[in-house]
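If you want the building blocks of each chain, they are given just below.
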Amino acid sequence: MYKLWITIKKDARILLRDKTGISLMFVMPIILVMVVTSIQNSTFQLMNKSKLPVLVCNRDTGQASLQLMAAINRVGLLKVSALPKNQPVDKIAEVMKTKDAELAIVIPNDFSARVAAKAQNAANKALKSFGLQGDSTKNQVLSTVPPFTLYFSPVLQEQLRFSIRGGLRSALQLVESRETLRKLYFAINEKQLPPALEDEMINNQSDIGMVSVSKNAGRQVPNTSQHNVPSWTIFAMFFIIMSLAASVVREKISGSFIRLKTLPTNYLTGLLSKQITYLAVTLFQAVVIFSMGIYLFPHIGLPGLNLPSDLTALIITTVITGWCAVSYAICVGVFSNTQIQASGFGAVSIVILAVVGGLMVPTFAMEGYMKTVSNISPLHWSLECYYDLFLLGGKLRDVFANLIPLFIITLALQALTFIGLKRQNLI
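The sections below set out a description of the structure shown in this document. (Residues numbered from 1 in each chain as written. Predicted model: local features only at pLDDT ≥ 70, side-chain atom pairs only at ≥ 80, totals over all residues. Heavy atoms only, no water.)

**A word on the sheet that holds strand β1 (residues 52-58)**
Right, so step 1: Strand order in this open sheet of four strands is β2-β1-β3-β4, and the pairing throughout is mixed. Sheet topology places β2 (78-83) and β4 (149-152) at the edges, where each strand pairs with a single neighbour. With strand direction ignored, the average angle separating the axes of adjacent strands in the sheet is 25°.
Right, so step 2: Two strands pair when backbone bridges link them, and strand β3 (residues 103-107) and β4 are joined in this way by four bridges, in the antiparallel orientation. Bridging across to β4, Val106 finds its partner in Thr149.
Right, so step 3: Along the sheet face, helix α3 (residues 63-74) touches β1, β2 and β3 and points at about 145° away from the line of β2. (Pairing = 2+ DSSP bridges. Helix = DSSP H or I, 4+ residues; strand = E, 2+ residues; numbered from the N terminus. Axes fitted to C-alpha atoms, helices over the stretch in contact; angles between N-to-C directions. Contact = heavy atoms within 4.5 Å.)

**Considerations on the side chain of Asn402**
Right, so step 1: Positionally, Asn402 belongs in helix α16 (residues 396-423).
Right, so step 2: By relative accessible area, which is 12% here, Asn402 ends up buried.
Right, so step 3: Apart from the residues lying within four places of it in its own chain, the contact partners of Asn402 are Trp381, Glu384, Cys385 and Asp388. (Buried < 20%, exposed > 50% of the residue type's maximum accessible area, 1.4 Å probe, protein only.)

**Examining the environment of Val373**
Right, so step 1: For Val373, the position within the fold is in helix α14 (residues 369-373).
Right, so step 2: Counting along the chain gives 17 residues from Val373 to Val356, while the straight-line C-alpha distance between them is 7.1 Å.

**A short note on empty space enclosed by the protein**
Right, so step 1: One pass over the structure, following the stated rule, counts one cavity of 30 Å³ or more.
Right, so step 2: As a volume, the largest cavity reaches approximately 30 Å³.
Right, so step 3: Every residue lining the largest cavity is listed: Leu271, Gln275, Ser327, Ile330, Leu413, Gln414 and Thr417.
Right, so step 4: Among the residues forming the lining of the largest cavity, the class breakdown is three nonpolar, four polar and no charged. (1 Å grid on protein atoms, 1.4 Å probe; cavity = no way out; pocket = protein on both sides within 12 Å on 5 of 7 lines; lining within 4 Å. Points joined across faces, edges and corners; volume = space filled by probe spheres on them. Nonpolar A, V, L, I, M, F, W, Y, C, P; charged D, E, K, R; others polar.)

**Quick look at unusual backbone geometry**
Right, so step 1: Its identity is not glycine, yet Asp100 carries a phi of approximately 55°, on the positive side.
Right, so step 2: Relative to the helices and strands, Asp100 resides in the loop between α4 (92-98) and β3.
Right, so step 3: Residue class for Asp100 comes out exposed when judged on its relative accessible area of 60%.

So yeah, pure geometry; function would need other evidence.
Written as structure tokens, this is what we have:
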């Protein structure tokens, strides 16, 4: 134990002298967590609370276009701002840039007439299906031209554009349904549809129940911090490879392994020392980043981090994740011949494993072989454990199935390191 304690003190002193390594292990992840969480939180705010400004050039003089503008406002995603009726189409892009708007709509001058024609045709078909005589004199050939045109900035993400198009379709369908209902009522009763009855029939919508599938019934709704803090904590843990792998290579080059053979000890003691020292570093990283999410984020306008209810499962997951990160860094250091090789390969491989493992692109968005490849990334299994704990409110038994592959990968890295040391006659 004395030899191990002295070796741990030696490794700790070497680590404290590595200012660049400490910066990469602590400063970089902290900045990364804050920046990514802030950007993602702003995106969520835009989608959930803020409204996108949309410029509307209404060239129609009928009531249908005014109803459409009101319906677009009620969608909740868009905020309508009117443009002059005579706004040239070729100047739309310039006006959008001037008014800092990402969307614009041009309603043609025959919009109300086309909506009325479509509603009349639909009403006639409905009346004929009831065995009644429709107004055949008002049957018209419907135009295939879209009722209005949406102009959008190419910087808008495709998913957001689809959401906007869905909202506009709902608004247009509401206007068309209202007009069809009026035509039907007038054809049957020969009088106008009462406004109160019209509102009741149009707005009589059933609510949609929403239930979270959290494993903890009292769990709060997850926020951006619940997503980002655990994932980038994992990234920070594995990024100790920049310091640890270089340290292993440095000792190989300096001949420390050979000198240890002449002493009444062996390199396995030194290897165990490095694992304990850097495992303590990874645990400290987790404590720092989690504490920042809990105490600092609420003071800078970001949602606070809510810890899982099962702290034992959180500690076990963090320890195994840290041990896996240390094992991977030592394995890379053993098989590298220079510090440049260790640092270069280590940094690139961690980024690749992070991408494949779902830290940057969710695994549910992957298809085919990429989803299968994600299973070889230890970061994937660690992330699944954290998500079960932070997002689903799981317990230790819920993350056990993901901890087993992570533990197996760690043991495989340990075995590979031992084989590498044997082949190089270092132990």
